[in-house]
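Single-letter residue listing:
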Amino acid sequence: MQQYSDLTPASAIAEAKRCLNCKVPQCRKACPVENDIPDWIHEVAMGNFGNALAIINAKSNLPAVCGRVCAHERQCQGSCVLGRKDRPVSIGRLEEFVADFDAAMNLTHENIMEKTRGRVAVIGSGPAGLTIAGELARKGVAVEIYEMGPEPGGVLMYGIPEYRLPKDVVRNEIAKIAHLGVIFHTGVTIGRDLTVDDLFAAGFDAIFIGTGTSKPKTLDVPGCDLEGVRQAIWFLRRVSLYNAGYISREEVTVMPGHHVYVVGCGNTAIDAARTCVRCGAAEVTILYHRDITRMAALRSEYNDAVAEGVKFRWNTNLTSINGTPDGGHVASIDIECEGEHITLPADRVLMAVGSVPAARIVSTTAGIDVDDKGYVVTRDNPFGMTTRKGVFAGGDVAGRPATVVHAMQNAREVAGGILRYLDAKKLFEAIDDK
């Protein structure tokens, strides 16, 4: 496998030696999965890269992913005491290096536990689904993942651009989980090809729903139904499918010379804008109804976007999308910025204003309640179980924070709830057999 990290063994060791090994490590406190950061950095400082990854793997199933896409500046790295006077330890880059080095050298060989604790079906192979699968497989559970896409990975494969997260890195992380005995079924949509009831009928003891929020929100703005208006996450998915050879370049929709406007200013909006630049767009502008201090995107992502030529209009509201004379395609947009009304030529408009869960699974399954926003309702005991016995949910679909590491954090907690349920189920079945 290609190693993508910009660190070498020597530079990684040098960077790790900067860690002060604080008695009360703020970096660990700020990590959503409570990664034992000082411990594994100490191993890196001594050149023990395999030991470092073993420590990371105790809390994270996706270290090569987290090293690249976690919000380090708001979490572990942003809490490093060295950042107050000098510069913080590059925790993200070190995690990325350790995972890449391990993969390149094929260091880690985990023992495969006998699968005697039960069978679990996982719907969706994004961060939550992969975390659940890895946690359960390591505890002796037989796990099968059902993914609607042509490859597993979910948002990691289809929602995060290649420049931020190389797809070979995702594939390698998935291969490690498959090595634990997890079985993957791709091209299968639960709620259309199979139902939750079908999975129970196939002998699964429990089911985990980790499908994320696949139904994008939109704005109540005239012209949103015009050709050329798309969801940003749809566009990012098309680019990933094109890069993998599944669709043609024309199906990506953003072409060289286009003037593109992206509505919203979270990380998805920034990803879409920077990807438009890579597609050859003549001009890419992000429209945001608040100022820069209130954007959801990381400041580092914003800085990179500006460096690549992406423009930003703050305190700006999209008021209308106007079509060509035949009314079929985007021709311009109307915006309001600090009291001024402006019309701008446009070829494409990408919406990045959030998303909600699709109803495909709950609408084909009796007994799963959702709240007024469509998020699956779960309980605390056993943690993560829905209103239907044996069906669990976690990550975005249950209304949890929409970041990779927070989805992983929630999934680890749900895994504990599933294990409790499986053990109780087996106990009661044993009693009934007597």
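Computed from a predicted structure; not experimentally measured.

About the criteria used
Residues numbered from 1 in each chain as written. Predicted model: local features only at pLDDT ≥ 70, side-chain atom pairs only at ≥ 80, totals over all residues. Heavy atoms only, no water. Helix = DSSP H or I, 4+ residues; strand = E, 2+ residues; numbered from the N terminus. Contact = heavy atoms within 4.5 Å. 1 Å grid on protein atoms, 1.4 Å probe; cavity = no way out; pocket = protein on both sides within 12 Å on 5 of 7 lines; lining within 4 Å. Points joined across faces, edges and corners; volume = space filled by probe spheres on them. Nonpolar A, V, L, I, M, F, W, Y, C, P; charged D, E, K, R; others polar. Buried < 20%, exposed > 50% of the residue type's maximum accessible area, 1.4 Å probe, protein only. Pairing = 2+ DSSP bridges. Right-handed = clockwise from strand over helix to strand, strands pointing away.

Caption draft 1: Expanded view of the side chain of T275. Note on placement: T275 falls in helix α12 (residues 267-278). Contacts of T275, omitting those with residues within four sequence positions, involve P161, Y163, F235, L236 and V239.

Caption draft 2: A look at the layout of surface pockets. Computed from the structure, the second largest pocket encloses a volume of approximately 470 Å³. What lines the second largest pocket is a set of 21 residues, among which G67, R68, V69, E96 and E301 lie closest to the centre. The set of elements that each furnish at least two residues to the lining of the second largest pocket consists of α5 (63-69), α6 (91-105) and α13 (299-307). Tallied by class, residues from the lining of the second largest pocket come to seven nonpolar, six polar and eight charged.

Caption draft 3: Summary view of helix α7 (residues 127-137). In terms of burial, α7 is a largely internal element, eleven of the eleven residues being buried. Residues P127, A128, G129, L130, T131, I132, A133, G134, E135, L136 and A137 constitute the buried set of α7.

Caption draft 4: How the structure looks around the pairing of strand β2 (residues 142-147). Burial of β2 is extensive: five of the six residues sit out of reach of the surface. Taken together, the five bridges between strand β1 (residues 119-123) and β2 define a ladder with parallel strand orientation. From the neighbouring strand, A121 faces β2, where its bridge partner is E144. With α7 bridging β1 and its parallel neighbour β2, the resulting β-α-β unit is right-handed. As paired elements, β2 and strand β3 (residues 183-186) share four bridges and run parallel to each other. Pairing of Y146 across the sheet is with H185, part of β3.

These figures come from the coordinates and say nothing about function on their own.
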